[in-house]
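# Structural overview
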Amino acid sequence: SRTGSPGDGMTCMDQCHGANPGTPSGNETTELAGLPIGGYVPGQTYNLTLNATQSSNNTFGFEISPQDWGGNMQGSWITGGSNLVQIINTKWMTHTYAGNSGSSGEHSWNFQWEAPTAGTGDVNFYYTVIFADGMNAHLGDIMLQDSVMVMENTSVGIAEETDDLLVTV
């Protein structure tokens, strides 16, 4: 429950990874893929992938939560049947124990987000990725925090069918 969001008290520290994280080396990267660039369509389900890369380690974790500016959960999570991710209290998607092992310095998690109802407005995806040192202790684990805002697609589309009109005089 620590993504750095308003609903998390703007912190990403917890009892699992402590208040003294390691210092990023600069070779850690994260990417959240699958969010619609033109804005989300209310009620539509999106396939998301969270990627983590760090050349010197193979133990990873994450937590992500889509919230409004006040910290309220927006939309719904779907695990898609994966045993690598789990939903906590309907608000956070996170890794499972089985889902924290990467290979060759990389790891990806796939899950789905169902967009909220029309009129919801902006949704902020707050997430923290953990690059763990594998020592089963919190000291030395590196955490990167980020957020992405997606607007609601409010464009109106009308599909019109027309017949050609032929006028003869």
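The text that follows walks through the structure, step by step, so that each part is easy to find. None of the values given here were measured: they were computed from a predicted structure.

## Quick look at the overall build of the chain
Of regular secondary structure, the chain possesses 0 helices and 9 strands. Counted from the first residue to the last, the chain has its helices and strands arranged as β-β-β-β-β-β-β-β-β. Each of the 169 residues in the chain was classed as buried or not, and the buried ones make up 40%. Sequence-distant contacts in the chain: of pairs separated by 6 or more residues, those separated by 24 or more amount to 69%.

## Observations regarding the packing of aromatic side chains
The tally for this structure, following the rule as stated, stands at 8 aromatic pairs. Taken together, a centroid distance of 5.6 Å and an interplanar angle of 80 degrees make the contact between Tyr 40 and Trp 113 edge-to-face. Highlighted residues: Tyr 40 in the loop between strand 1 (29-33) and strand 2 (45-53) and Trp 113 in strand 7 (residues 106-114), separated in sequence by 73 residues. A single burial state applies to Tyr 40 and to Trp 113, both of which are buried. Three or more aromatic residues link up through ring pairs in this structure, and these residues are Tyr 40, Tyr 46, Phe 62, Trp 77, Trp 109, Phe 111, Trp 113 and Phe 125.

## Some details on the sheet that holds strand 1
Each strand in a sheet pairs with its neighbour through backbone hydrogen bonds, running either in the same direction (parallel) or in the opposite one (antiparallel). Spatial ordering of the open sheet is given by 1-2-7-4, a layout of 4 strands whose pairing is antiparallel. The outermost strands of the open sheet, each flanked by one partner alone, are strand 1 and strand 4 (76-78). If you compare each strand with its neighbour and ignore which way they point, the axes differ by 25 degrees on average. When strand 4 meets strand 7, the two strands line up antiparallel, connected through 3 bridges. Each residue of the ladder has a partner; that of Ile 78, found in strand 7, is Gln 112.

## Topic: the nonpolar core
Membership of the largest hydrophobic core comes to 24 residues, with the highest contact counts inside it found for Leu 48, Phe 62, Ile 64, Phe 111, Trp 113 and Phe 125. The element best represented in this core is strand 8 (residues 123-132), accounting for 5 residues. For Phe 62, the contacting residues outside a window of four places in its chain are Leu 50, Val 85, Met 93, Thr 94, His 95, Trp 109, Phe 111, Thr 128 and Val 129.

## Description of the environment of Gly 34
The residue Gly 34 is located in the loop between strand 1 and strand 2 in this model. Put simply, Gly 34 and Trp 113 are 79 residues apart on the chain and 9.8 Å apart in space, counted from C-alpha to C-alpha. Once residues within four sequence positions are removed from consideration, Gly 34 is found in contact with Tyr 46, Asn 47 and Leu 48.

## Examining the environment of Asn 72
If you trace the backbone, Asn 72 turns up in the loop between strand 3 (59-67) and strand 4. For Asn 72, a relative accessible area of 45% translates into the label partly exposed. Considering only alpha carbons, one finds Asn 72 and Lys 91, 19 residues apart in sequence, at a separation of 8.6 Å. Excluding residues within four positions of it along the chain, Asn 72 makes contact with Pro 66 and Gln 67.

## Some thoughts on unusual backbone geometry
Phi angles above zero are rare outside glycine, and Asn 89 is one such case at about 50 degrees. Topologically, Asn 89 is positioned in the loop between strand 5 (85-88) and strand 6 (92-95). Here Asn 89 falls in the exposed class, since its relative accessible area comes to 60%. The phi torsion at Thr 90 lies on the positive side, around 60 degrees, for a residue other than glycine. When you line up the elements, Thr 90 lands in the loop between strand 5 and strand 6. Classification of Thr 90 as exposed rests on a relative accessible area of 60%.

## Let's talk about a nonpolar patch on the surface
A surface patch of nonpolar side chains, amounting to about 360 Å² of accessible area, comprises Trp 69, Met 149 and Met 151. Mapped onto the secondary structure, Trp 69 falls in the loop between strand 3 and strand 4.

Procedures and definitions
- Residues numbered from 1 in each chain as written.
- Predicted model: local features only at pLDDT ≥ 70, side-chain atom pairs only at ≥ 80, totals over all residues.
- Heavy atoms only, no water.
- Helix = DSSP H or I, 4+ residues; strand = E, 2+ residues; numbered from the N terminus.
- Buried < 20%, exposed > 50% of the residue type's maximum accessible area, 1.4 Å probe, protein only.
- Contact = heavy atoms within 4.5 Å.
- Phe/Tyr/Trp six-rings, centres within 6.5 Å; stacked < 30°, edge-to-face > 60°.
- Pairing = 2+ DSSP bridges.
- Axes fitted to C-alpha atoms, helices over the stretch in contact; angles between N-to-C directions.
- Core = buried A, V, L, I, M, F, W, Y, C linked by side-chain atoms within 4.5 Å.
- Patch = residues over 30% accessible without salt bridge, like charges linked within 9 Å, V, L, I, M, F, W, Y side chains within 5 Å.
- Areas by Shrake-Rupley, 256 points an atom, 1.4 Å probe, with all protein chains shown as cover.
- Salt bridge = Lys/Arg side-chain N within 4 Å of Asp/Glu carboxyl O.

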